[in-house]
Amino acid sequence: MINREQCLAWDKEDQLNQFKQHFALPEGVIYLDGNSLGAQPTAALSLANHVVTQEWGKDLINSWNTADWWGLPTRLGDKVAQLIGADSGETVITDSTTLNLFKVLSAAIKIQAEQYPERKVIVAEKDAFPTDLYIIEGLINQISQGYRLVLIESNEDLYSLLDSNEVVAVVLSHVNYRTGYFYDMSAINAKIHEKNALVIWDLCHSVGAVPMELKQTDSDFAIGCTYKYLNGGPGSPALLWVNPKHQEGFWQPLSGWWGHQQPFAMAQHYQPSQGIRRYLCGTQPIVSMRLIECGLDIFLSTDMQLIREKSLKLTDLFMQLVEQECSEFGFTLITPKQHKHRGSHVSFRHEQGYAIIQALIARGVIGDYREPEVLRFGITPLYLGYEDIWNAVQHLKNVMTHAEWKNKQYQIRGSVT
Ligand SMILES: *Cc1c(COP(=O)(O)O)cnc(C)c1O
């Protein structure tokens, strides 16, 4: 049996304990949604103030140079690179994950069309975050050259498709947004490359949550959000990484002036930038982008291995406590128990999932709900401790014991669920 005292003792010896002070969270809230919208770094408020009053308010247009607004996509990209196992000059922060998928998939298709023109299959997961599937559909439709999307449900599906030698590219979520399933990047890359296909990793639920080595494992492309585990702020621009071996080969079709080799030459024709900047399109939301640095600097002052160790301990604890305290309430764990296949959130299925989440939120325990019937709890080791997990599970137990979820108001769906 695990008890509260044990959790308090773990908090005491926790090396990451002091990081909580770098995040602004309301009193009385246990925030288990940092995988969807990361908490606010306390430094964000004063930086936002500086950006608005000084950089925009006083320095005005000079800030493109004096505050290096122009260099932000690559400067921040080089910081993110340190968290994803990439080198400088390979990553940009720009646009959204959705748009960035369009760019890198275009690149993958174009590169492959030169060598394997007969290949027409794009592979993605049936359980992918839907925007990824929609973009693949949209791009296939747009280029109209007989490409088709084939959905997989398992690694076996992937391997047998690869055996057909028809696969152009595979789009995978490094950590699944719903179940928390975590791919072995190195093993999957090897399988995909063995059959001369390319891989695009969607890192939305893994960047800032698990250590990774994009380059060492020879990944081809990666995209991902900065507003989830990286605490960049709502809607902050996304990351895009390209293996340098593919960087020069192709320029992406959203060929706007920010990706031009000489943007201020105002030339009549597009000439892609030599480096990763060719993946930029147009003017970026600078105020939002500026704030990403606060979260990144916190991550760079710690260690992804330590974060991973604590994440696994916290997710283990969450699973064990739900089993110990809530076994009679019908929750089905859908997150892998195996560490090597678990990201940093824990999900359960329950037919009253939606109402249970609403009842928890009313108690200050913020998790979220995903169709179908999934309760999802994000675990962010930099601002959550062991006692928080204990308390969250006690709230869950109370919601179930007193059937609080039956309250009518918890059945009402908001426009964002
Ligand atoms: C959150 C998420 C997205 C969201 O993309 P946006 O362009 O930021 O809306 C895409 N893919 C996955 C896997 C996600 O979890």
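Reading the values: rules and limits
- Sequence order sets the numbering: in each chain, residues are counted from 1 along the sequence as written.
- For a predicted model such as this one, the threshold for reporting local features is a pLDDT of at least 70, and the threshold for listing and counting side-chain atom pairs is 80 or more; totals across whole chains, interfaces and linings nevertheless cover every residue.
- The side-chain quantities take in all heavy atoms of the structure and omit both hydrogens and water.
- UniProt positions are given in the numbering used here, feature names are shortened, and annotations may be inferred rather than shown by experiment.
- The helix and strand labels rest on DSSP assignments: H or I over at least four residues marks a helix, E over at least two residues marks a strand, and numbering proceeds from the N terminus.
- Restricting the calculation to C-alpha atoms gives the radius of gyration, and the globule rule supplies 2.2 Å times the number of residues raised to the power 0.38.
- Burial here depends on accessible area, computed with a 1.4 Å probe over protein chains only, as a share of the maximum for the residue type. Under 20% is buried, over 50% is exposed, and the range in between is partly exposed.
- All accessible areas in this document rest on Shrake-Rupley with a 1.4 Å probe, and a residue is counted as covered only by the protein chains that are shown.
- Note that His is not counted, nor are the chain ends; the positive residues are Lys and Arg, and the negative ones are Asp and Glu.
- Working definition for charges: the position is that of NZ of Lys, CZ of Arg, CG of Asp or CD of Glu.
- Only heavy atoms matter for contacts: two residues are in contact if any of them lie within 4.5 Å across the pair.
- Here the aromatic set is Phe, Tyr and Trp, taking the six-membered ring for Trp, and pairing holds for ring centres within 6.5 Å; pairs whose planes are under 30 degrees apart are stacked, those over 60 apart are edge-to-face, and all others are tilted.
- Over a ring means this: the NZ of a Lys or the CZ of an Arg is within 6 Å of the ring centre and within 35 degrees of the ring normal.
- A pair is scored as a salt bridge if a Lys or Arg side-chain nitrogen falls within 4 Å of a carboxyl oxygen belonging to Asp or Glu.
- Think of a polar contact as two N or O atoms within 3.5 Å of one another; within protein, one of them needs to be a possible hydrogen donor and the other a possible acceptor, and neighboring residues in sequence only count if both atoms come from side chains.
- Note that the domain bounds reflect an automated or database-derived domain assignment.
- Buried area: the accessible surface (1.4 Å probe) lost by two parts on joining, summed over both.
- Strand pairing follows a simple DSSP-based rule, namely that at least 2 bridges must link the two strands.
- Here the term right-handed applies to a crossover when the path leading from its first strand over the helix to its second strand runs clockwise, the strands being oriented away from the viewer.

- Named according to an unreviewed UniProt entry, the chain is Kynureninase originating from Acinetobacter rudis CIP 110305.
- The annotation that UniProt attaches to the chain under Sequence similarities (unreviewed entry) is "Belongs to the kynureninase family."
- Quoted straight from UniProt, the Function (unreviewed entry) entry for the chain says "Catalyzes the cleavage of L-kynurenine (L-Kyn) and L-3-hydroxykynurenine (L-3OHKyn) into anthranilic acid (AA) and 3-hydroxyanthranilic acid (3-OHAA), respectively."

1. Let's talk about the overall build of the chain
Part 1 of the reasoning: Helices and strands together make up the secondary structure of the chain, namely 14 helices and 15 strands.
Part 2 of the reasoning: In summary, the chain has a C-alpha radius of gyration of 22 Å against a globular reference of 22 Å for 417 residues, a match within 12%.
Part 3 of the reasoning: Referenced to the eigenvectors of the C-alpha coordinate spread, the extents of the chain come out at roughly 70 × 60 × 40 Å.
Part 4 of the reasoning: By the burial criterion, 56% of the 417 residues in the chain qualify as buried.
Part 5 of the reasoning: Within the structure as shown, the chain displays about 17,900 Å² of accessible surface, and the carbon and sulfur contribution to it stands at 51%.
Part 6 of the reasoning: If you average the places of the 35 positive and of the 46 negative side-chain charges in the chain, the two averages end up 3 Å apart.

2. Some remarks on the UniProt feature "binding site: pyridoxal 5'-phosphate" (unreviewed entry) in the chain
Part 1 of the reasoning: UniProt annotation of "binding site: pyridoxal 5'-phosphate" (unreviewed entry) refers to Thr 97, Thr 98, Phe 129, Pro 130, Thr 131, Asp 132, Asp 202, His 205, Tyr 227, Trp 257 and Thr 283 when read in the numbering used here. Their sequence span is 187 residues, while the largest C-alpha to C-alpha distance among them is 30.6 Å; these annotated residues do not converge on one region.
Part 2 of the reasoning: Here Thr 98 lies in helix H5 (residues 97-115).
Part 3 of the reasoning: Judged by relative accessible area, which is 27%, Thr 98 ranks as partly exposed.
Part 4 of the reasoning: When near neighbours in sequence (up to four residues on either side) are disregarded, Thr 98 contacts Thr 131 and Ile 135.
Part 5 of the reasoning: Positionally, Phe 129 belongs in the loop between strand E5 (121-125) and helix H6 (130-143).

3. Comments concerning the packing of aromatic side chains
Part 1 of the reasoning: Summed over the entire model, instances satisfying the criterion amount to 18 aromatic pairs.
Part 2 of the reasoning: Residues Trp 251 and Tyr 270 carry aromatic rings whose centres are separated by 4.9 Å and whose planes lie at 50 degrees to one another, so their mutual orientation is tilted. Here the residue Trp 251 occupies a position in the loop between helix H9 (244-247) and helix H10 (286-290), and Tyr 270 occupies one in the loop between H9 and H10, the gap between them amounting to 19 residues.
Part 3 of the reasoning: Linked through ring pairs, Trp 64, Trp 69, Trp 70, Trp 257, Trp 258 and Phe 264 together constitute an aromatic cluster.
Part 4 of the reasoning: Of note, Arg 119 hangs over the ring of Tyr 116, and the distance from its end group to the ring centre comes to 4.5 Å.

4. Overview of the pattern of salt bridges
Part 1 of the reasoning: Counted under the stated rule, the structure contains 25 salt bridges.
Part 2 of the reasoning: Salt-bridge contacts for Asp 218 lead to Lys 245; the nearest nitrogen and oxygen are separated by 2.9 Å. Linking Asp 218 in the loop between strand E8 (198-202) and strand E9 (221-224) with Lys 245 in helix H9, this pair joins segments that are 27 residues apart in sequence.
Part 3 of the reasoning: What makes Lys 245 partly exposed here is its relative accessible area of 49%.

5. Section: the side chain of His 260
Part 1 of the reasoning: Counting through the fold element by element, His 260 comes out in the loop between H9 and H10.
Part 2 of the reasoning: Here the side chain of His 260 touches Gln 271 through a polar contact of 3.2 Å, landing on its backbone nitrogen.
Part 3 of the reasoning: Ignoring anything within four residues of it in the chain, the contact list for His 260 reads Ala 267, His 269, Tyr 270, Gln 271, Pro 272 and Ser 273.

6. Considering the domain arrangement of the chain
Buried accessible area, meaning the area lost when the parts come together, often serves as the stated size of an interface.
Part 1 of the reasoning: If you check the domain split of the chain, you get domain 1 (4-41 + 303-410) and domain 2 (68-299).
Part 2 of the reasoning: Taken residue by residue, the interface counts 35 residues in domain 1 and 24 residues in domain 2.
Part 3 of the reasoning: For the pairing of domain 1 and domain 2, the buried interface totals around 2,300 Å² over both sides, and the portion due to carbon and sulfur atoms is 64%.
Part 4 of the reasoning: Considering only the side of domain 1, the residues that lose the most area to domain 2 are Met 304, His 341 and His 345, jointly responsible for 23% of the buried surface there.
Part 5 of the reasoning: Inspection of the domain 1/domain 2 interface yields zero salt bridges.
Part 6 of the reasoning: The set of elements that each furnish at least two residues to the side of domain 1 that touches domain 2 consists of helix H12 (304-326), strand E12 (345-349) and strand E15 (374-378).
Part 7 of the reasoning: The biggest single contributor to the side of domain 1 that touches domain 2 is H12, with four residues.

7. Observations concerning the pairing of strand E7 (residues 167-173)
Part 1 of the reasoning: E7 sits mainly inside the fold: seven of its seven residues count as buried.
Part 2 of the reasoning: For E5 and E7, the ladder comprises four bridges, and the chain directions are parallel. Bridge pairing in E7 links Ile 122 to Ala 169.
Part 3 of the reasoning: Pairing of E7 with E8, which is carried by five bridges, proceeds in the parallel orientation. By the bridge assignment for E8, Val 171 is matched with Ile 200.
Part 4 of the reasoning: Remark: the E7/helix H8 (residues 185-194)/E8 crossover connection has right-handed handedness.

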